Amino acid sequence: MYRFESQKVWSMDLLTVLVFTLLTGVMGYSSIPPSTSCSSMTPEHSPSAQTTANPYQLVISKNTYSPCDQIQVTLQGLEASTQFRGFMIQARSAADSSTYTTYGSFATATGVGNPCERASATHANTGKVDKSSINLNWTAPNSDVGNIVFVYTVVQNYATYWVKQQSSTLTYLAGAGTLCNTAATTTASGYTEGTITRPTDCGKVISCFHDGCKGGNCEFMLTWKETGDDILFSLACKRPQNAYCAIGLSKDEKMGDDSVFECVSNGGQVDVYLSYNSGRTNSRLDQPKFGLSDVTTSSKDGVITCNFKRKKVAPSNTGRRKRAASDASTFFDLNSDFTLFYAIGSASSGILIKHSASPLVSSQVADFQSIQEIGGSRTGGNLVKAHGILMVIAWMLLASFGIFSARFYKDVWPEGFEWFSLKRWFVIHRACMVTVFLLTAISFIIIFVHVKGYSEITDSTYAKSHPILGIIVMALTLINPIMALFRPHPGTPKRPIFNVAHTLVGVGAHVCSIVNIFSGTALAAAKTPDNVRIVLWVYVGWLCMVDLVCYIYACKTKPASVKKAQTVPTAEADGSPAGGDTGKMPILGSSKKGESFELNNTAGDNDSSFQQAGVKSFKVWVLAVQGIGLFSLSLAVIIIVAIGESDEM
């Protein structure tokens, strides 16, 4: 008894560690840091701050300041893929940055707050959201206060953060005076955002694509007009420095396989580039201005504008280009019609960082040879999320639990402990697998309705296998219950063949489904953050660990009488005694025949009765732990899929 109690305590400790690991990633101050952290700039987390090299940088748009000057401050990773969740930024004296004295002020912005009594900028209600960068507008003090540095703390996750890092030094501009003059005060009193209005000749003389322009004020405006062999484009959007807006040309209503032109602001300089979306990856052509001419750009009051001509058809004889830019696969022929995507995001040194909001999709295809006015709406993705969530419930939770009960629990409950006159393991197994079939079928129908039939994914990664594996999973899920309905009688020569086939089809469907869940999270349409795959790998490790424990425990506790019994005919793999069942009721029926107990104790087994009782209690406890573990991991994935990627700007 002591041995089993010790194992319970040890396993409960293991479960506690697992649950704590899953929960700590979402703990901490996700809304806004407490005011008690303002002076030290240290998160009130239990782990210590990192002493390794800081993978982030704080970039300022100027190296000098004058009274009431406005300067853009950008926090970003040294690499575009490096993200963070929380931050705190303060402008302090370069001579004594350890003293809690701040200068200037930060403009209000979405997702930015200040819990301190002095000027600071921190995350607000976005502490659980991974961010690639944050752009802030800082107004300098109204007099010369000496050299200034921006001191910042950045939080990568609950346990990983860097405290009181510093930007480059901001020096006072010589000859700038000592106080704000009236004009400077007027312009620096608040950030004046430019406006984008709808042209009066939209849909009459020129074609337009916009967000609806509520109240006459547009977030962006794309216009175009055919001019011989070219299309004259003009794209205007409300974006700060070190940001971009882009238009994608798609042959369908899904992202991936898109020709893109970008309007990018880099430190006040704006330029136009051509790129291509392959799945979730965007990369510029080797000649990023291929086919472009008459490029003019501007940036004023938070509005960036790009005017340019683009050839309808790729010019020939221009040399080597990445993925053969002259090929229609990367440089689309504008004589064709396309669905338009509008995306925005941050940029680092002129290089795009993944768009921070769901793209806006045109309500109709664009015909560049005609005059149109097209609106757009954000891509919903609710059906895609529903498809993913149903598959997670079906295969991560129910299939895993149902297969586990059939594999290890045929010898746990003795005669007299049936449910509905059936073995308990069989009731669990059948309930789980029937529900798996129903959820898989519903999910299968949902995604086919969403994509309007079969959708081939033109990605270069393993994610392109997703629809193919999905069809295989659906087929195997349908085949297995049909096989069970027509199973051979116990004791017949074909029964072992059925047992092997039934197991292989079931396990094969389970493996394919889990691989497909991995690939599904990599698709652009899923809009799931990359860290969901960490939870999926934990799930795979959990399955392997629990199965290994059960196998080892079964070998250690198997009584001699059972080992001897294995040399003579025994029960079938589903629990049916060899030759003792007429087999007239199928596996989906309700007869107790064909479901008798595998490897029951017989007379002469009394010497191992205590050990058998121990096996029963331990396995029941493991079954409960397995259920809790699978439920927790599945719930974590469901929450991540449901929330999706941040739409924060």
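Throughout this document, residue positions are counted from 1 along each chain, in the order its sequence is written. In keeping with the predicted nature of the model, local features appear solely for residues at pLDDT of at least 70, side-chain atom pairs appear and are counted solely at 80 or more, and the whole-chain, interface and lining totals rest on all residues. Where side-chain values are given, they derive from all heavy atoms of the structure, hydrogens and water being excluded.

Only DSSP runs of H or I with at least four residues qualify as helices, and only runs of E with at least two residues qualify as strands; both kinds are numbered from the N terminus onward. Note that Ile371 resides in the loop between β23 (360-362) and β24 (373-374). With 167 residues separating them in the primary sequence, Ile371 and Lys204 have C-alpha atoms 6.5 Å apart. Contacts are assigned to residue pairs with any non-hydrogen atoms lying within 4.5 Å of each other. Once you skip the residues sitting within four places of it in the chain, Ile371 turns out to touch Gly203, Lys204, Val205, Ile206 and Ser207.

Moving on to the pairing of strand β15 (residues 243-250). Remember that side chains alternate between the two faces of the sheet whenever the strand is regular. When accessible area is computed with a 1.4 Å probe and restricted to protein chains, residues below 20% of their type maximum are described as buried, those above 50% as exposed, and intermediate ones as partly exposed. Burial within β15 is extensive, with 8 of its 8 residues counted as buried. Burial along β15 is two-sided: Ala243, Cys245, Ile247 and Leu249 and Tyr244, Ala246, Gly248 and Ser250, pointing in opposite directions, are all buried. Paired strands are those between which DSSP finds at least two bridges. Sheet topology places β15 next to strand β16 (residues 258-266); 8 bridges connect them, and they run antiparallel. Across the sheet, residue Ile247 finds its bridge partner in β16, namely Phe261. Pairing between β15 and strand β21 (residues 339-348): 8 bridges, direction antiparallel. Paired with Tyr244 across the two strands is Gly345, which belongs to β21.

Our next topic: a nonpolar patch on the surface. On the surface, Phe448, Tyr454, Ile468, Ile471 and Ile472 cluster together to form a nonpolar patch covering roughly 420 Å² of accessible area. When residues in the nonpolar patch are grouped by element, the largest group, 3 residues, is from helix α5 (residues 466-485). On the secondary structure map, Tyr454 appears in the loop between α4 (424-451) and α5. Without a salt bridge and with relative accessible area above 30%, a residue can belong to a patch; like charges are then joined within 9 Å and nonpolar side chains (Val, Leu, Ile, Met, Phe, Trp, Tyr) within 5 Å. Computed with a 1.4 Å probe, the accessible areas rest on the Shrake-Rupley method; for each residue, only the protein chains presented here act as cover. What makes a salt bridge here is a side-chain nitrogen of Lys or Arg within 4 Å of a carboxyl oxygen of Asp or Glu, nothing more.

Only rings of Phe, Tyr and Trp enter the pairing, Trp through its six-membered ring, and a pair is recorded when the two centres are within 6.5 Å. The plane angle decides the type: under 30 degrees is stacked, over 60 is edge-to-face, the rest tilted. Applying the stated criterion across every chain yields a total of 21 aromatic pairs. Centroid distance Phe518 to Trp537: 4.9 Å. Interplanar angle 55°. Geometry classified as tilted. Taken together, the positions of Phe518 in helix α6 (residues 495-521) and Trp537 in helix α7 (residues 532-557) put the pair 19 residues apart, joining distant regions of the chain. Aromatic rings pair up to connect Trp224, Phe233, Phe261, Phe308 and Phe368 into one cluster. Over the aromatic face of Tyr273 sits the side chain of Arg284, whose NZ or CZ is 3.9 Å from the ring centroid. Just above the ring of Tyr409 sits the side chain of Lys619; from NZ or CZ to the centre is 6.0 Å. Put simply, a charge is over a ring when the Lys NZ or the Arg CZ is close to the ring centre, within 6 Å, and near the line of the ring normal, within 35 degrees.

By the definition in use, this model includes 9 salt bridges. The closest approach of N and O atoms between Arg85 and Asp130, which form a salt bridge, is 2.9 Å. Placement of Arg85 in the loop between β3 (70-77) and β4 (86-93) and of Asp130 in the loop between β7 (121-123) and β8 (133-139) is noted, with a sequence separation of 45 residues between them. Exposure remark for Asp130: the relative accessible area of 27% places this residue in the partly exposed category.

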